Amino acid sequence: MNEATGGANCFACSPDNPIGLKIRFSMQDDVCVGLFTPSDYHVGFDDVVHGGLLFAALDDVMANWLHLQGEAGFTAKATVRYRQPARIGETLRLEGRMLSRRRRHVTLSGVAMRKSDGVIVTETEATFMVNSAPDVK
């Protein structure tokens with residue numbers, strides 16, 4: 001299993017960033033997976049996780065899908081849908097998958113679901129621009 005531990009100071013996945021989320025990502029078949037348990041530092045209001053932090057975690061699970069394939073890319077555009085509130089202290093399972101690829105443009109999906117019951121709380125779809133296109137045969 002390939003595993004990503006993050007860039008030198010990545011907010012979402014570096015184990016060395018003192019204020020980061022410290023999410024560890026790994027590949028399980030063709031899915032990038034990570035676990036995130038939000039704390040009191042991640043609240044938006046009333047025991048609910050801040051939506052921007054949820055998107056940051058999903059953006060990173062998709063970026064790490066690329067990273068674990070040996071590529072680097074940056075988000076070109078994204079849409080996000082918040083379905084359920086994510087609560088502080090409740091572990092979320094993050095999953096990132098590739099949907100399609102056209103040269104340097106890779107479309108990925110990301111979902112955050114409650115680990116306890118699998119209910120999706122947030123989902124996103126994004127197009128990433130990779131640094132170089134793979135060899136086309």
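All values reported here derive from a predicted model rather than from experimental measurement. (Residues numbered from 1 in each chain as written. Predicted model: local features only at pLDDT ≥ 70, side-chain atom pairs only at ≥ 80, totals over all residues. Heavy atoms only, no water.)

Caption draft 1: Seen up close, the nonpolar core. Formed by 28 residues in total, the largest nonpolar core has its most connected members in Ile23, Phe25, Cys32, Val61, Leu66, Leu94 and Leu108. Mapped onto this core, the elements with two or more residues apiece are β2 (25-28), β3 (31-36), α1 (51-67), β7 (92-102), β8 (105-114) and β9 (120-130). With seven residues, α1 is the single largest residue contributor to this core. In this view, Val61 contacts Phe25, Cys32, Val33, Leu94, Glu95 and Gly96; residues no more than four positions away in its chain are not counted. (Core = buried A, V, L, I, M, F, W, Y, C linked by side-chain atoms within 4.5 Å. Buried < 20%, exposed > 50% of the residue type's maximum accessible area, 1.4 Å probe, protein only. Helix = DSSP H or I, 4+ residues; strand = E, 2+ residues; numbered from the N terminus. Contact = heavy atoms within 4.5 Å.)

Caption draft 2: Region of interest: the side chain of Thr127. Counting through the fold element by element, Thr127 comes out in strand β9. Excluding its chain neighbours within four sequence positions, the residues that come into contact with Thr127 are Phe74, Thr75, Ala76, Lys77, His105, Val106 and Thr107.

Caption draft 3: Local environment of the side chain of Asp59. Tracing the sequence through the fold places Asp59 in helix α1. One buried charged residue, Asp59, forms no salt bridge at all, with the nearest opposite charge on Lys77 at 14 Å. Beyond its immediate chain neighbours, meaning those up to four positions away, Asp59 contacts Thr75 and Phe128. (Lys, Arg positive; Asp, Glu negative; His and termini not counted. Salt bridge = Lys/Arg side-chain N within 4 Å of Asp/Glu carboxyl O.)

Caption draft 4: Looking closely at the environment of Phe11. Mapping Phe11 onto the fold places it in the loop between β1 (3-4) and β2. On the accessibility criterion, Phe11 (32% relative accessible area) is partly exposed. Between the C-alpha atom of Phe11 and that of Glu71, which follows or precedes it by 60 residues, the distance is 19 Å. Among residues more than four places away in sequence, those in contact with Phe11 are Asn17, Ile19, Gly20, Leu21, Lys22 and Leu53.

Caption draft 5: Spatial organisation of the pairing of β3. Within β3, five of the six residues are buried, leaving the element largely enclosed by the surrounding structure. As defined by bridge partners, β2 adjoins β3 across four bridges and the pair is classed as antiparallel. Opposite Ser26, over in β3, you have Val33 as the bridge partner. Following β2, the chain reverses through two residues before pairing antiparallel with β3; Asp29 in that reversal takes a positive phi of roughly 60°. Sheet topology places β3 next to β7; five bridges connect them, and they run antiparallel. By the bridge assignment for β7, Cys32 is matched with Gly96. (Pairing = 2+ DSSP bridges.)

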